[in-house]
Amino acid sequence: MKTRVFIIIVLIAILAISIGTVMWPEYGMVCNNTTIKHLQKYSNLFDENTIHETYGILEIGYPFGVHGGNVKECVDFILEKRTLMELENKD
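Remember, predicted model here, so these are calculated numbers, not experimental data.

**With respect to the nonpolar core**
Counting residues in hydrophobic clusters, the biggest one holds 9 residues: C31, L39, L45, V66, V71, C74, V75, I78 and L79. The biggest single contributor to this core is helix α3 (residues 68–90), with 5 residues. Those residues within four positions of L45 in sequence are excluded, and the remaining contacts are L39, T50, Y55, V75, I78, L79 and R82.

Dropping the structure here:
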């Protein structure tokens, strides 16, 4: 009985580790493909003159792998990167 429980625990651990390893590159990044596609479709983030004050997104919910914190981090990252690129181009 103890051996069966131990084997089940080991199998679950192996399964959880392998799923986490496969999914981390996609869902662990700040701006993963799913988040960017969602923002492209439902926000004005990629419009040319969008800044923090003019950014807007439709409140329709998020697809699998996307959550509000991830979207906020991605938006902040993209807007900051855009600002830095504009400053570099002015010099």
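From this point, the narrative continues.
**What about α3?**
Along its 23 residues, α3 runs 33 Å from first to last C-alpha, staying within 8% of the 33 Å computed at 1.5 Å per residue. Every buried residue of α3 is accounted for by N70, V71, C74, V75, I78, L79 and R82. In this fold, the buried residues of α3 make contact with α2 (33–42).

**Description of the state of the cysteines**
Per the stated rule, a full pass over the model turns up 1 disulfide. Disulfide partner of C31: C74, at an S-S distance of 2.1 Å. Sign of the S-S torsion, about 120 degrees for the bond between C31 and C74, identifies this disulfide as right-handed. Of this pair, C31 sits in the loop between α1 (2–27) and α2 while C74 sits in helix α3, and the two are 43 residues apart along the sequence. Relative accessible area serves as the criterion here: at 17%, C31 is assigned to the buried category. Since its relative accessible area comes to 0%, C74 is described here as buried.

**Re the environment of I78**
Take I78: it is sitting in helix α3. Linking I78 and F46, residues 32 residues apart in sequence, is a C-alpha distance of 8.9 Å. In contact with I78, not counting residues within four places along its chain, are C31, L45 and F46.

**Side note on the side chain of N44**
With respect to the helices and strands, the residue N44 is situated in the loop between α2 and α3. A polar atom in the side chain of N44 sits 2.8 Å from the backbone oxygen of T54. If we skip the residues at most four places from it in the chain, N44 touches T50, T54, Y55 and G56.

**Examining α2**
All of the buried residues in α2 are T35, H38 and L39. Down the axis of α2, the buried side of the element spans an arc of 95 degrees, and every buried residue falls inside it. In α2, the exposed residues that point more than 90 degrees away from the buried face are K37 and K41. Looking at the packing, one finds that the buried side of α2 touches α3.

The rules we used
- Residues numbered from 1 in each chain as written.
- Predicted model: local features only at pLDDT ≥ 70, side-chain atom pairs only at ≥ 80, totals over all residues.
- Heavy atoms only, no water.
- Core = buried A, V, L, I, M, F, W, Y, C linked by side-chain atoms within 4.5 Å.
- Buried < 20%, exposed > 50% of the residue type's maximum accessible area, 1.4 Å probe, protein only.
- Helix = DSSP H or I, 4+ residues; strand = E, 2+ residues; numbered from the N terminus.
- Contact = heavy atoms within 4.5 Å.
- Expected span 1.5 Å × (residues − 1).
- Disulfide = S-S within 2.5 Å.
- Polar contact = N/O pair within 3.5 Å; in protein donor to acceptor, adjacent residues only side chain to side chain.
- Arc of directions from axis to C-beta.

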